[in-house]
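In case you want the letters, here they are:
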Amino acid sequence: MNDAYLHLLTNHVAVVGIPLVAIALTWGIARRHDAVVRLALVGTLVMGGATWFANWSGGRAEEVVEDAAWASHDRIEDHEELGERAEWPALITAVAALGVLVISRGGSAKRGGSLVVLVGLVVSGVLVGVAAFDGGKIRHDEVHGLAPDAGQEQRRTR
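Counting from 1, residues in each chain are numbered in the order their sequence is written. Totals for whole chains, interfaces and linings use all residues, but because this is a predicted model, local features are given only for residues with pLDDT of at least 70 and pairs of side-chain atoms are given and counted only at 80 or more. Excluded from the side-chain calculations are hydrogens and water; all other atoms, namely the structure's heavy atoms, are used.

With that settled, the discussion passes to the environment of His12. Comment: elements are numbered from the N terminus, with helices defined as DSSP H or I runs of at least four residues and strands as E runs of at least two. With respect to the helices, strands and loops of the structure, His12 is situated in helix α1 (residues 3-31). Along the chain, His12 and Thr51 lie 39 residues apart, while their C-alpha atoms are 9.3 Å from each other.

Quick look at the structure:
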């Protein structure tokens, strides 16, 4: 496994995990289930770490692919910038979740703080999704309609 493969594996954790944690937090807040809210807050901490790791591994992945004949420097740089824009809100949201957990230690999680974390998860989820979609353009032209023959039927020759 090289660093590019590691990046592909780890970035999907945040792409899938952030929306799942947001759904769990929404459900916990709506049903007033403190245990679910706390679990989602801990999940938010994990997603902050996963987003950081995906961004870190992306820098290492860049070193693997940047000299490949198919690599587009501009696409890689655009993806890197979007990844950085996604990382900070996820980390700030994780810190907010930690704050809610610390403040509510021994009691029920604070509803207002949990709602702030939920907003942060939604923003982070959108930004991580945009970064991931853009990352697919680095190597998957056919998915994004960028390949010259994308969407066209292939002719069989005999």
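There is more to say after this.
On to the packing of α1 against helix α2 (residues 34-65), then. Geometry is summarised by axes, namely lines fitted to C-alpha atoms with helices restricted to the contacting stretch, and by angles between N-to-C directions that run from 0 to 180 degrees. Contact geometry for α1 and α2: axes closest at 7 Å, N-to-C directions at 160°. On the basis of the axis angle, α1 is roughly antiparallel to α2. The element α1 and its partner α2 pack so that their crossing is left-handed. Looking at the contact of α1 with α2 residue by residue, the classes come out as 20 nonpolar, 10 polar and 2 charged. Orientation is classified from the angle alone, with under 35 degrees giving roughly parallel, over 145 giving roughly antiparallel, 65 to 115 giving roughly perpendicular, and any other angle giving oblique. Handedness of each helix crossing follows the sense of rotation of the near helix against the far helix: counterclockwise by less than a right angle gives left-handed, clockwise gives right-handed. Classification convention: Asp, Glu, Lys, Arg as charged; Ala, Val, Leu, Ile, Met, Phe, Trp, Tyr, Cys, Pro as nonpolar; all other residues, Gly among them, as polar.

A few words on the packing of aromatic side chains. Pairing of aromatic rings covers Phe, Tyr and the six-membered ring of Trp, with a centre-to-centre limit of 6.5 Å; geometry is then stacked below 30 degrees between planes, edge-to-face above 60, and tilted otherwise. Scanning the model with the defined rule gives 3 aromatic pairs in all. Centre to centre, the rings of Trp52 and Trp56 are 6.1 Å apart; their planes meet at 15°, and the pair counts as stacked. With Trp52 and Trp56 both in helix α2, this residue pair falls 4 residues apart, about one helical turn. Each residue is placed in one exposure class: buried if its accessible area under a 1.4 Å probe, protein chains only, is under 20% of its type's maximum, exposed if it is over 50%, and partly exposed if it falls in between. With a relative accessible area of 40%, Trp52 lands in the partly exposed category. Residue class for Trp56 comes out partly exposed when judged on its relative accessible area of 37%.

Let us look at α1. Relative to the 42 Å expected for 29 residues at 1.5 Å per residue, α1 spans 42 Å between its end C-alpha atoms, a close match to the ideal helical length. Residues of α1 that are buried include every one of Ala4, His7, Thr10, Asn11, Ala14, Gly17, Ile18, Val21, Ala22, Leu25, Gly28 and Ile29, and no others. Note on contacts: a residue pair qualifies if any of its non-hydrogen atoms lie within 4.5 Å across the two residues. Buried-residue contacts for α1 involve α2, α3 (73-103) and α4 (111-139). Once α1 ends, the next one or two residues include Arg32, with phi positive near 55°. To estimate the expected span of a helix, subtract one from its residue number and multiply by 1.5 Å.

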